[in-house]
Amino acid sequence: MVHVSRTFTVDASAEAVTAYLADFGHAEQWDPGTRSCTRVGTGPVEVGATWHNVSKVLGRETELEYRLEQLDPGHIVLVGRNKTATSTDDITVRADGERSEVTYDATVELHGLAKLGAPIMQVEFNRLGDLTVTGIQRAVTALR
């Protein structure tokens, strides 16, 4: 299993940050590994909404189908799956005056032989975690 967690602040309201991050199609703007993230279907962004995500990690492209599993005020859970991995992004957003504190927990459960790559993936996800913080801060600031 690979896990990374970051807590940081952004210059936007908790409501705006939650709404923005819940629409996983925005991952193209803030996730350094995401090459494309396309909504599957139409309608409001609510529990059950899905996206087709193409990411590049360690030079390899991978595709995952993400589903919004939980959406509450200040809490988002997105789960992406393919045959080699299950990726869970658990995001908590808390009001901090006019700013927001974001805790971004990403966990990747590798399946089958892919488990052998966990130590290398952990190093890469630690690096990507820092870039994700910068990406979210930049993207949310652009919303203002």
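Okay, so let's go over this structure. Quick caveat: nothing in here was measured; it's all calculated off a predicted structure. Numbering of residues starts from 1 in each chain and follows the order in which that chain's sequence is written. Selection of residues for local features in this predicted model requires a pLDDT of at least 70, selection of side-chain atom pairs for listing and counting requires 80 or more, and totals for whole chains, interfaces and linings are taken over all residues. For side-chain calculations, the full set of non-hydrogen atoms in the structure is used, while hydrogens and water are omitted.

Observations concerning the sheet that holds strand β3 (residues 50–57)
The cut-off we apply is this: Here, a strand pair is defined by DSSP locating no fewer than two bridges between the strands. Where helices and strands are cited, they refer to DSSP runs of H or I of at least four residues and of E of at least two residues respectively, numbered from the N terminus. Only the stretch in contact is used when fitting a helix axis, every axis being a line fitted to C-alpha atoms; angles between N-to-C directions are given from 0 to 180 degrees.
Strand order across the open sheet formed by seven strands is β1-β7-β6-β5-β4-β3-β2, with antiparallel pairing between neighbours. Looking at which strands have only one partner, the edges of the open sheet turn out to be β1 (2–10) and β2 (34–40). Looking at each pair of strands side by side, their axes are set apart by 20 degrees on average, direction ignored. As judged from the nine bridges shared by β1 and strand β7 (residues 99–110), these two strands associate in the antiparallel manner. Within β7, the residue paired with Val10 across the bridge is Ser100.

As for the packing of aromatic side chains
Short version of the rule: Aromatic rings from Phe, Tyr and Trp, with only the six-membered ring used for Trp, were paired whenever their centres fell within 6.5 Å, and each pair was classed as stacked if the ring planes differed by under 30 degrees, edge-to-face if by over 60, and tilted otherwise. Exposure classes here rest on a 1.4 Å probe applied to the protein chains alone. A residue is buried below 20% of its type maximum, exposed above 50%, and partly exposed in between. By definition, being over a ring means that NZ of Lys or CZ of Arg is both within 6 Å of the ring centre and within 35 degrees of the ring normal.
Applying the stated criterion across every chain, the model contains four aromatic pairs. Taking the centre distance of 4.4 Å and the plane angle of 40 degrees together, the rings of Phe24 and Tyr66 count as tilted. Here the residue Phe24 occupies a position in the loop between α1 (14–22) and α2 (27–30), and Tyr66 occupies one in strand β4 (residues 60–72), the gap between them amounting to 42 residues. Relative accessible area serves as the criterion here: at 1%, Phe24 is assigned to the buried category. Members of the aromatic cluster, connected to one another through ring pairs, are Phe24, Trp30, Trp51, Tyr66 and Tyr104. Lying across the ring of Trp51, Arg39 places its NZ or CZ 5.5 Å from the centre.

Some thoughts on the pairing of strand β5 (residues 75–81)
Counting buried positions along β5 gives five out of seven residues, so the element sits mostly inside the fold. As judged from the seven bridges shared by β4 and β5, these two strands associate in the antiparallel manner. Note that in β5 the partner of Leu68 across the bridge is Leu78. Taking the residues between adjacent antiparallel strands as the criterion, β4 and β5 are bridged by two residues, where Gly74 takes a positive phi near 80 degrees. Between β5 and strand β6 (residues 85–96), which pair antiparallel in sequence order, lie three residues.

Considering the side chain of Thr103
Cut-off, in case you're wondering: Contact between two residues is taken to exist if any of their heavy atoms lie within 4.5 Å; hydrogens are not considered.
In this fold, Thr103 is placed in strand β7. What Thr103 contacts, discounting residues up to four positions off in sequence, is Ser5, Arg6, Thr7, Asp90, Ile91 and Thr92.

Let's talk about the side chain of Thr132
Within the secondary structure layout, Thr132 lies in helix α3 (residues 118–143). Taking relative accessible area as the criterion, Thr132 reaches 9% and is therefore assigned buried. In contact with Thr132, not counting residues within four places along its chain, are Trp30, Asp31 and Pro32.

Quick word on unusual backbone geometry
Comment: phi is negative for the bulk of residues other than glycine, and the bulk of peptide bonds are trans. Despite not being glycine, Leu58 shows a phi value in the positive range, around 55 degrees. Mapped onto the secondary structure, Leu58 falls in the loop between β3 and β4. Residue classification places Leu58 among the partly exposed positions, given a relative accessible area of 45%.

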